[in-house]
Amino acid sequence: MEESTIEKISQIVGPEYVSTREDVLLSYSASASTGYDSVKPSAVVRPGSTEEVSEILKIANDVNLKVTPRCGGSSLQGEVIPVEGALVIELMRLDSFELHEDLRSATVGAGVTFGKLDKLLKVCGLWLPVYPESSLVATVAGNVAVNGAGPGSTAYGCIAEMVLGLEVVLPDGRIIQTGSEANPNAPGPFLRYAFGPDLTGLFIGSLGSLGIITKVSVKLFKRMEEFHYETYGFQESEQAQKFLIELKENNVNAVFASIYEGRILGFFMDMLGEEYHIPEHDWPPFTVSITLGRLREDQLQSDIKRAAEICGGLEGEVIGISELPRGEWDDRMRTFARSSYAHGWHWRILYHHQTPSNWHKSIEAIWDVMDEYALLGHTAGFATGHSSYNFYPHLYYFPEDKEEERRVREAHVDLSKRLFKTGAVPFKLAPYWVNGVDEMKEYMNVLKGIKDVLDPNGIMHPGVMGGL
Amino acid sequence: MTTMESGMEQLMEELHQCRRCGICRNAVYDARGFDGICPVYENSTGFETSFMRGKIIVALALLNGELEKTARNSESLFDCTLCGNCTQICPAEFEPAHTLELVRGLLAEVPNQVREEIAHKILSNNNPYEEDNSRKRKWISELGFDIPTNGEILYFVGCTAGMRIPEVAKNTAKILKAADLPFAVLQEEPCCGSVLLRTGKPEAAAETAERVSNAIKESGAKKIVVSCAGCLKTLKEDFPNKFDIELPEVLHILELADNLLQEGRLKPKALPGKNTVTYHDPCHMGRELSIYESPRRVIQAIPNVNLVEMETNRDTAMCCGAGGGLRSYNSELAKNIASKRVQDAIDTGANILATACPFCEHNLQSGAKIVGRNMPIKDVVSLLAECVE
Ligand SMILES: Cc1cc2nc3c(=O)[nH]c(=O)nc-3n(C[C@H](O)[C@H](O)[C@H](O)COP(=O)(O)OP(=O)(O)OC[C@H]3O[C@@H](n4cnc5c(N)ncnc54)[C@H](O)[C@@H]3O)c2cc1C
Ligand code: SF4
Ligand code: SF4
């Protein structure tokens, strides 16, 4: 990058917040995506306000400098790895928080993590009920940019369902606001679907390729305090699947629900069984682990009863071991990190959504690929909203074994193709989908058209979304 | 394979345990008491190299040759207090702060004037303050009673209490005297080597450990009492684990005082005035050795004292900023970190900030100056000594 560009940027943010040091660049060349190659940017900047972000993007446009937005840097599929020589714009200093209690909403800066937000909201008895299992490091803005989900999503849907509006700096430096706050006279965020087509949605899951999200307005809910943790056993996958569907149909409020089959459960127990004090048990072929949550005790009791009836009607059994769901829920901000990091493996992940009725199809594809490529791995997942089940299989390798890592990469692309055939859909639009699945070509062309309009010089994070 | 090579292999394996999740930056985890993790991140410009994830990436690159071993490239590895808060929250199966300490030891070629100077001073004077080491007993002359150099209970004073904050040494002696426990102080007490270990001079530390071990043997000690968290961790843990040196039982004066109070051998009088004390857990004593309750019990045993907790306390306590050699490498950063901790104490409404380590006390004093508020910083040892004289 030109010295003069660095100079201009440092005039905007102050010289201490721009760095071109070799060691700093190296630390921004990677993210939590261990299975992806690192790429060094040419500079990193840590702006302190939306206006500074805007000024930086104007300069980047003038000199045709590629930029990569970055928040927590916790994403797992290489999304935040810059293209060679790019400018990384790291937004963790944007840590504003504005509560709109009457509107049951809040507006948070791009640097606010879920953990931080949760603490701020807890004192008012509120919550944002979707917790990615990286909540201690992932920001709300980063999660919106990747279309995330997490514990809580079983009842409330993915993070997108929580968004009321966004403040976005477009690639040319223009600052726009979406949702009801686009009216400066509005009392705050109260409606997303205002002003015609859903511009908010355009940026959700855009991986930073269409603009930089500087603020997110989200819905808030009264914090639940009544929970019940239960495990239910079934002999056939179809029964377990039907159980999830019938719970929804009967409005039984599962805030977090996962199906485990034997092999996955064995893996999970091996990783976290002791830590969560889960007793030894002869588990059925399919175990459904559920946290039921309600605002009121009477509602909860009704749900517990109804869930048991539905389970019985499907020839299942109420197992009565609560430690598994309790551990998942109570430690929801960290369970996944803990379970995935308990051994020395590195891994690649393959996010997709499946329908609960097709749960077994994902499982079959995942085990087939792991067996064929002789890989170690497992899959985690949970129900997410109306009729969807979020899967994130892990393909493991030892960090020093290059040959194993190569197999993991191949298996990854192969698995995405097979999953697509089962009817699964991507949500974090990672390269293995775009490169592996031909049926997505036309869709990607439309996205490309939108990108060209918003970012004619192609400066915004050109490496993601199939290199739009 | 040489030990050096196998040490390196093991270290690389540990560094690969880091899966770069980034939780070690500034996690807020209300349910577990964390409100921020890395004091260096919080008090610097906050680039990735300031907290553990970035430091590990840099360490790997320096060790595998991807990054040239220059002072500048390795600076971030020394900008760390080794407070271990990142270890406390890290979901992976390794101890990042200990690993970083090992990395410092293996980066011997990296030029680093500060650590060379400290090592030189310690090896040639037996203390890091470049003073005549016999002055480490000077405070005894102000006590009004004499202390022998041999005995069954040995008070290992430490360089900072001995030469910089003699109040702590005098008050420790007063407590032992009040409990009627005869004790000794070495004639020429060598430095425990804590600073050498933390800054990455393990060979020099081995040399001082040998000196300390010989001196203690000669003193006839059967029990060692210390008043410094750094000495405690070094003598109690590092001597046996790193140098295979087994010393007699080592304990902090507050652990001993806690026992003496419970046995009724110390009967504190009320502290004058209204006292609300908040206690800062020294990293070496708290997170490293899990000594959380005895200092608190000692505080609560003093009549007229009310103990209040800072938001982060015990195993999630934020650091005072002095550890890991940071006070020498980057004293401005160390003092800024201290000022944050003093602010935490002010936020509790306490009128005394107490701790149990002379390093913490010294640095927190600097922090209080930055904050510009009158917040007396005291060692719990001094609080207790005031009431048992
Ligand atoms: C242990 C672990 C557990 C995880 N569990 C979950 C989980 O349960 N659910 C889940 O959804 N994900 C999970 N993830 C993945 C990851 O944490 C999330 O996707 C997270 O939301 C990313 O947020 P971030 O702030 O770290 O973003 P980053 O990693 O910094 O960025 C992610 C992407 O968004 C873009 N971006 C970042 N900030 C902005 C912005 N302000 N404006 C525009 N674009 C931006 C980046 O360019 C990049 O493409 C997990 C990760 C780890 C390491
Ligand atoms: S040191 Fe631990 S907490 Fe920090 S990034 Fe590495 S694995 Fe995560
Ligand atoms: S040991 Fe403390 S100062 Fe060092 S990286 Fe970890 S949290 Fe930061």
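To keep things clear, this report deals only with the structure shown in the data block.

Basis of the calculations
Residues numbered from 1 in each chain as written. Chains lettered and ligands numbered in written order. Predicted model: local features only at pLDDT ≥ 70, side-chain atom pairs only at ≥ 80, totals over all residues. Heavy atoms only, no water. Helix = DSSP H or I, 4+ residues; strand = E, 2+ residues; numbered from the N terminus. Rg over C-alpha atoms; globule rule 2.2 N^0.38 Å. Buried < 20%, exposed > 50% of the residue type's maximum accessible area, 1.4 Å probe, protein only. Contact = heavy atoms within 4.5 Å. Areas by Shrake-Rupley, 256 points an atom, 1.4 Å probe, with all protein chains shown as cover. Lys, Arg positive; Asp, Glu negative; His and termini not counted. Charge placed at Lys NZ, Arg CZ, Asp CG, Glu CD. Near = heavy atom within 4 Å. Buried area = accessible area lost by both parts, 1.4 Å probe. Salt bridge = Lys/Arg side-chain N within 4 Å of Asp/Glu carboxyl O. Polar contact = N/O pair within 3.5 Å; in protein donor to acceptor, adjacent residues only side chain to side chain. Nonpolar A, V, L, I, M, F, W, Y, C, P; charged D, E, K, R; others polar. Disulfide = S-S within 2.5 Å. Phe/Tyr/Trp six-rings, centres within 6.5 Å; stacked < 30°, edge-to-face > 60°. Lys NZ or Arg CZ within 6 Å of the ring centre and 35° of its normal. Pairing = 2+ DSSP bridges. Axes fitted to C-alpha atoms, helices over the stretch in contact; angles between N-to-C directions. Left-handed = near helix turned anticlockwise from the far one by under 90°. 1 Å grid on protein atoms, 1.4 Å probe; cavity = no way out; pocket = protein on both sides within 12 Å on 5 of 7 lines; lining within 4 Å. Points joined across faces, edges and corners; volume = space filled by probe spheres on them.

1. Notes on the overall build of chain A
So, point 1. A tally of helices and strands in chain A yields 16 helices and 19 strands.
So, point 2. The globule rule puts the C-alpha radius of gyration for 468 residues at 23 Å, and the 22 Å found for chain A is close to it.
So, point 3. Structurally, chain A occupies a C-alpha span of about 70 × 55 × 40 Å along its principal axes.
So, point 4. Burial statistics for chain A: of 468 residues in total, 64% are counted as buried.
So, point 5. Of the contacts formed within chain A by residues at least 6 apart in sequence, a portion of 73% connects residues at least 24 apart.
So, point 6. Surface summary for chain A: the accessible area is close to 17,300 Å², and the carbon and sulfur share equals 50%.
So, point 7. Distance from the positive charge centre (42 side chains) to the negative charge centre (64 side chains) of chain A: 3 Å.

2. A short note on the site of ligand 3
So, point 1. Surveying the vicinity of ligand 3 reveals 13 residues, the closest of which are Cys38, Cys80, Cys83, Gly84 and Cys86 of chain B.
So, point 2. Secondary-structure elements contributing two or more residues to the shell around ligand 3 are helix 2 (39–42) and helix 3 (52–63) of chain B.

3. Digging into the interface of chain A and chain B
So, point 1. Counting residues at the interface gives 47 residues for chain A and 38 residues for chain B.
So, point 2. Buried area between chain A and chain B, both sides added, is near 3,600 Å², and the carbon and sulfur share of it is 54%.
So, point 3. One salt bridge connects Asp30 of chain B with Lys122 of chain A, and the closest N-O pair in it is separated by 3.3 Å.
So, point 4. Summed over the shared surface of chain A and chain B, the number is 25 residue pairs in polar contact (both at pLDDT 80 or more).
So, point 5. Of all the secondary-structure elements, those providing two or more residues to the side of chain A that touches chain B are strand 1 (18–19), helix 2 (22–27), helix 4 (114–122), helix 12 (335–341) and strand 16 (346–349) of chain A.
So, point 6. Element by element, the count of residues in the side of chain A that touches chain B is highest for helix 2 of chain A, at five residues.
So, point 7. Residues belonging to the side of chain A that touches chain B are distributed by class as follows: 19 nonpolar, 13 polar and 15 charged.

4. Describing the environment of Pro356 of chain A
Residue and element names in this part refer to chain A.
So, point 1. Within the secondary structure, Pro356 sits in the loop between strand 17 (352–354) and helix 13 (359–372).
So, point 2. By relative accessible area, which is 9% here, Pro356 ends up buried.
So, point 3. Residues Pro356 and Ile245, 111 residues apart in the sequence, show an inter-C-alpha distance of 7.0 Å.
So, point 4. The residues touching Pro356, leaving out its near neighbours within four places in the chain, are Gln241, Ile245, Ser387, Ser388 and Tyr389.

5. Considering the site of ligand 2
So, point 1. Lining the immediate environment of ligand 2, one finds 13 residues, of which Cys18, Cys21, Gly22, Cys24 and Cys90 of chain B sit closest.
So, point 2. Tallied by class, the residues present in the shell around ligand 2 amount to nine nonpolar, one polar and three charged.

6. Topic: the state of the cysteines
Residue and element names in this part refer to chain B.
So, point 1. This model, assessed by the stated rule, comprises zero disulfides over all chains.
So, point 2. Counting only cysteine sulfurs, Cys283 is the nearest neighbor of Cys319, a cysteine outside any disulfide, at a range of 3.9 Å.
So, point 3. When its relative accessible area of 4% is taken as the criterion, Cys319 is described as buried.

7. Things to note about the packing of aromatic side chains
So, point 1. Across all of its chains, the model carries 31 aromatic pairs over all chains by this definition.
So, point 2. For the pair Tyr260 of chain A and Phe268 of chain A, a centre-to-centre distance of 5.5 Å together with 50° between the ring planes defines the contact as tilted. This pair shows no difference in class: Tyr260 of chain A is buried, exactly as Phe268 of chain A is.
So, point 3. Here the basic side chain of Lys428 of chain A rests over the ring of Tyr351 of chain A, its NZ or CZ set 3.8 Å away from the ring centre.
So, point 4. Over the face of the ring belonging to Tyr341 of chain A we find Arg19 of chain B, whose NZ or CZ atom lies 4.7 Å from the ring centre.

8. Topic: the sheet that holds strand 13 (residues 254–261) of chain A
Picture the strands of a sheet paired through backbone hydrogen bonds; they go either parallel or antiparallel.
All names here are of chain A.
So, point 1. Taken in spatial order, the four strands of this open sheet run 13-14-12-15, and their pairing is antiparallel. The open sheet has two edge strands with one neighbour each: strand 13 and strand 15 (317–318).
So, point 2. Where strand 12 (residues 226–234) lies against strand 14 (residues 286–294), nine bridges are found, and the strand directions are antiparallel. Considered in strand 14, the bridge of Phe234 is made with Phe286.
So, point 3. With respect to the sheet, helix 8 (residues 237–249) is in contact with strand 12, strand 13 and strand 14, its orientation differing from that of strand 14 by roughly 10°.

9. A word on the pattern of salt bridges
Pairs may arise between side chains of opposite charge once their charged atoms sit close together.
So, point 1. If you walk through the whole model with that rule in mind, you get 59 salt bridges over all chains.
So, point 2. Residue Arg407 of chain A is joined to Glu403 of chain A by a salt bridge in which the shortest nitrogen-to-oxygen separation is 3.0 Å. Here Arg407 of chain A and its partner Glu403 of chain A are both found in helix 14 (residues 402–421), four residues apart, which amounts to about one turn of the helix.
So, point 3. The shortest N-O distance in the salt bridge between Asp414 of chain A and Arg418 of chain A comes to 3.1 Å. On the criterion of helical spacing, the pair formed by Asp414 of chain A and Arg418 of chain A is a turn pair, its members being four residues apart in helix 14.
So, point 4. For Arg418 of chain A, a relative accessible area of 24% puts it in the partly exposed group.
So, point 5. Each member of the salt-bridge network shares a partner with another, and the members are Glu101, Arg198, Lys233, Glu237, Asp238, Lys242 and Glu288 of chain B.

10. Topic: the packing of helix 1 (residues 3–17) of chain B against helix 3 of chain B
Residues and elements named next belong to chain B.
So, point 1. Between helix 1 and helix 3, the least distance of the axes is 10 Å, while the angle of their chain directions is 145°. Between helix 1 and helix 3 the crossing geometry is left-handed. Of helix 3, the residues touching helix 1 (which contributes Met8, Leu11, Met12, Leu15 and His16) are Ile56, Ala59, Leu60 and Leu63.
So, point 2. A breakdown of the residues in the contact of helix 1 with helix 3 according to their chemical character gives eight nonpolar, one polar and no charged.

11. Notes on the side chain of Ser294 of chain B
All names here are of chain B.
So, point 1. Mapping Ser294 onto the fold places it in helix 14 (residues 293–301).
So, point 2. With relative accessibility at 9%, the residue Ser294 sits in the buried group.
So, point 3. Ignoring anything within four residues of it in the chain, the contact list for Ser294 reads Leu254, Glu255 and Asp258.

12. Comments concerning the environment of Tyr131 of chain A
Residues and elements named next belong to chain A.
So, point 1. Relative to the helices and strands, Tyr131 is located in the loop between strand 7 (126–127) and helix 5 (140–146).
So, point 2. Residue Tyr131 is classed as buried on the basis of its relative accessible area of 1%.
So, point 3. When the C-alpha atoms of Tyr131 and Met333 are compared, they prove to be 6.5 Å apart, with 202 residues separating the residues in sequence.
So, point 4. In this structure Tyr131 touches Asp118, Gly150, Pro151, Arg223, Arg332 and Met333, once residues within four positions along its chain are discounted.
So, point 5. In this structure the side chain of Tyr131 is engaged in a polar contact, spanning 2.6 Å, whose partner is the side chain of Asp118.

13. Focus: empty space enclosed by the protein
Residue and element names in this part refer to chain A.
So, point 1. Inspection of the entire model under this criterion finds six cavities of 30 Å³ or more.
So, point 2. Reported here for the largest cavity is a volume of approximately 690 Å³.
So, point 3. Surrounding the largest cavity, 47 residues form its lining, Ser74, Ser75, Gly142, Asn143 and Val146 being those nearest its centre.
So, point 4. Mapped by element, the contributors of at least two residues to the lining of the largest cavity are strand 3 (67–70), helix 5, strand 10 (212–219), helix 12, strand 16 and strand 19 (389–397).
So, point 5. Here the lining of the largest cavity takes five residues from helix 5, the largest share from any one element.
So, point 6. Along the lines of polarity and charge, the residues of the lining of the largest cavity split into 29 nonpolar, 14 polar and four charged.

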